[in-house]
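An overview of the molecular structure
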Amino acid sequence: NTAVCADAPLLLQDVTIVDASGSWDHQDIFIEQGRISAIGEGLMLETAMPVTTLHRPGSIVRPRPQSTAPSAAIFIRTSTAGSASARRTILMPGVAADLLVYSTGDALELEISEGRILGTPQTCQG
């Protein structure tokens, strides 16, 4: 059922997280209701509900830049140290699931906005 799958939790497996706190290999990211619920190595889920599982070994996950300006806008920053925007670039449970997933060749593979994969229909696995 496509409608159920669109709202299904999302599990990214075996990715490398790169954010303002550093780089973390072999991590799983569990996303529910548009927010990151859990991050860790080898997450085990026990649920009867459908979950979209994406096994992406070697892929790099970064926070997706947030912008309310048109996509053609150019932003120039001299410093982000100590600013509120700098703190938002750390992925942790509770934050909005706005992510960019890059393949091992540095090509953008997936864009996730509020926990949903942009541009592709989601398929669910129980």
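Since we're looking at a predicted model, the values are computed, not measured. (Residues numbered from 1 in each chain as written. Predicted model: local features only at pLDDT ≥ 70, side-chain atom pairs only at ≥ 80, totals over all residues. Heavy atoms only, no water.)

**Some words on the side chain of D98**
Rules: Strands here are runs of E lasting at least two residues and helices are runs of H or I lasting at least four, both read from the DSSP assignment and numbered beginning at the N terminus. For every residue, the accessible area obtained with a 1.4 Å probe (protein chains only) is divided by the maximum for its type, and the residue is called buried under 20%, exposed over 50%, and partly exposed between those limits. The sign given to each residue is positive for Lys and Arg and negative for Asp and Glu; His and the chain ends receive no count. For salt bridges, the criterion is a side-chain nitrogen of Lys or Arg within 4 Å of an Asp or Glu carboxyl oxygen.
With respect to the element layout, D98 can be found in the loop between α2 (84–87) and β6 (99–102). Although buried, D98 forms no salt bridge, and the nearest oppositely charged side chain, R64, lies 4.4 Å from it.

**A few points about the pairing of strand β5 (residues 60–63)**
Look at any regular strand and the pattern is simple: side chains alternate between the two faces of the sheet. For clarity, the cut-off: Strand pairing is assigned whenever DSSP identifies at least 2 bridges connecting the two strands.
As defined by bridge partners, strand β1 (residues 10–19) adjoins β5 across two bridges and the pair is classed as parallel. Of the residues in β5, the one forming a bridge with I17 is V61. Where β5 meets β6, four bridges bridge the pair, whose relative direction is antiparallel. The residue bridging P63 from the neighbouring strand is L99, located in β6.

**Some words on the environment of W24**
The condition that has to hold: Within 3.5 Å is the distance limit for a polar contact, defined as a pair of N or O atoms, with the added protein rule that one can donate a hydrogen and the other accept it, and that residues adjacent in sequence qualify only through two side-chain atoms.
As for its placement among the helices and strands, W24 is situated in strand β2 (residues 22–32). Residue class for W24 comes out partly exposed when judged on its relative accessible area of 45%. Residues W24 and V61, 37 residues apart in the sequence, show an inter-C-alpha distance of 9.7 Å. Polar contacts involving the side chain of W24 include one to the side chain of S21, which spans 3.2 Å.

**Regarding the pairing of β2**
Note that β1 and β2 share seven bridges and pair antiparallel. Bridge assignment links L11 to a residue of β2, and that residue is F30. The hairpin formed by β1 and β2 contains two residues between the paired strands. Note: β2 against strand β3 (residues 35–40), five bridges, orientation antiparallel. Across the sheet, I31 pairs through a bridge with I36, a residue of β3.

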